[in-house]
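Take a look at the letters that make up each chain.
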Amino acid sequence: MRNLSCVSGCAFAGLKDVMGEHMYIILAAMAVGAFIGAAFGGVTETLAGAGIGVLLAIVYGYIPRMTDCIDECPIH
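Rules behind the numbers
- Residues numbered from 1 in each chain as written.
- Predicted model: local features only at pLDDT ≥ 70, side-chain atom pairs only at ≥ 80, totals over all residues.
- Heavy atoms only, no water.
- Helix = DSSP H or I, 4+ residues; strand = E, 2+ residues; numbered from the N terminus.
- Buried < 20%, exposed > 50% of the residue type's maximum accessible area, 1.4 Å probe, protein only.
- Contact = heavy atoms within 4.5 Å.
- Areas by Shrake-Rupley, 256 points an atom, 1.4 Å probe, with all protein chains shown as cover.
- Expected span 1.5 Å × (residues − 1).
- Bend = angle between axes of the 7 residues up to and from the residue.
- Patch = residues over 30% accessible without salt bridge, like charges linked within 9 Å, V, L, I, M, F, W, Y side chains within 5 Å.
- Salt bridge = Lys/Arg side-chain N within 4 Å of Asp/Glu carboxyl O.
- Arc of directions from axis to C-beta.
- pLDDT = per-residue confidence, 0-100.

A.B. asks: Honestly, the overall build of the protein chain in this entry has me stumped. Any pointers?
C.D. replies: Scanning the protein chain from terminus to terminus reveals three helices and zero strands. Its helices and strands in sequence order give the protein chain the pattern α-α-α, from N to C terminus. Overall, the protein chain is about 50 × 20 × 15 Å in size when its C-alpha atoms are taken along their principal axes. Residues classed as buried in the protein chain amount to 22% of the 76 residues present. Taking contacts inside the protein chain between residues at least 6 apart in sequence as the whole, the part at least 24 apart equals 70%. Entry remark: accessible area of the protein chain is about 5,600 Å², with carbon and sulfur atoms responsible for 75%.

This is the structure we're talking about:
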């Protein structure tokens, strides 16, 4: 149970760090995704492209933080 608390605390702190440090990259990914979605035409495609761009930027920035959590909270 203690390990779960360690991993969840580390994961939340990592997500907060990603959002704080990489906000401009996330916004740029949203804009690029929206432009790609707009190229396919329509409001739905634009919103979907923006959402996918944001999701990919967050995941890309979050993967190294999650591997740090695995090293920080070993399983016994």
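A.B. asks: What should I look at first to understand helix H3 (residues 43-72) in this one?
C.D. replies: With 30 residues, H3 extends 43 Å between its outermost C-alpha atoms, agreeing within 8% with the 44 Å of an ideal straight helix rising 1.5 Å per residue. At Tyr62, H3 is bent by approximately 35 degrees, the largest bend along its length, and proline Pro64 sits one to four residues beyond. Within H3 the residues assigned to the buried category are Gly49, Ala50, Gly53, Ala57, Ile58, Gly61, Tyr62 and Cys69.

A.B. asks: Explain a nonpolar patch on the surface here, please?
C.D. replies: The grouping of Leu15, Met19, Met23, Tyr24, Leu27 and Met30 at the surface amounts to a nonpolar patch, some 560 Å² of accessible area in total. Listed by contribution, the elements that provide at least two residues to the nonpolar patch are helix H1 (2-21) and helix H2 (23-39). Here the nonpolar patch gets four residues from one element, more than from any other, and that element is H2. Relative to the assigned elements, Tyr24 resides in helix H2. Assessed through its relative accessible area of 74%, Tyr24 is described here as exposed.

A.B. asks: Could you clarify how one ought to interpret H2 in this entry?
C.D. replies: End to end, H2 covers 24 Å across 17 residues, agreeing with the expected 24 Å (1.5 Å per residue, within 8%). Looking only at H2, the buried set comprises Ile26, Gly33, Ala34 and Gly37. Down the axis, H2 shows its buried residues gathered within 105 degrees of arc, on one side only. Exposed residues lying more than 90 degrees from the buried face of H2 are Tyr24, Ile25, Phe35 and Ala39.

A.B. asks: Even after reading the chapter, I still don't get the confidence of the model for the protein chain, so can you show me in this structure?
C.D. replies: Reading fine detail from the predicted coordinates is not recommended where pLDDT is low. Taken over all residues, the pLDDT of the protein chain has a mean of 83, while the share at 70 or more is 95%. Within the protein chain, H2 carries the highest mean pLDDT (89), whereas H1 carries the lowest (80).

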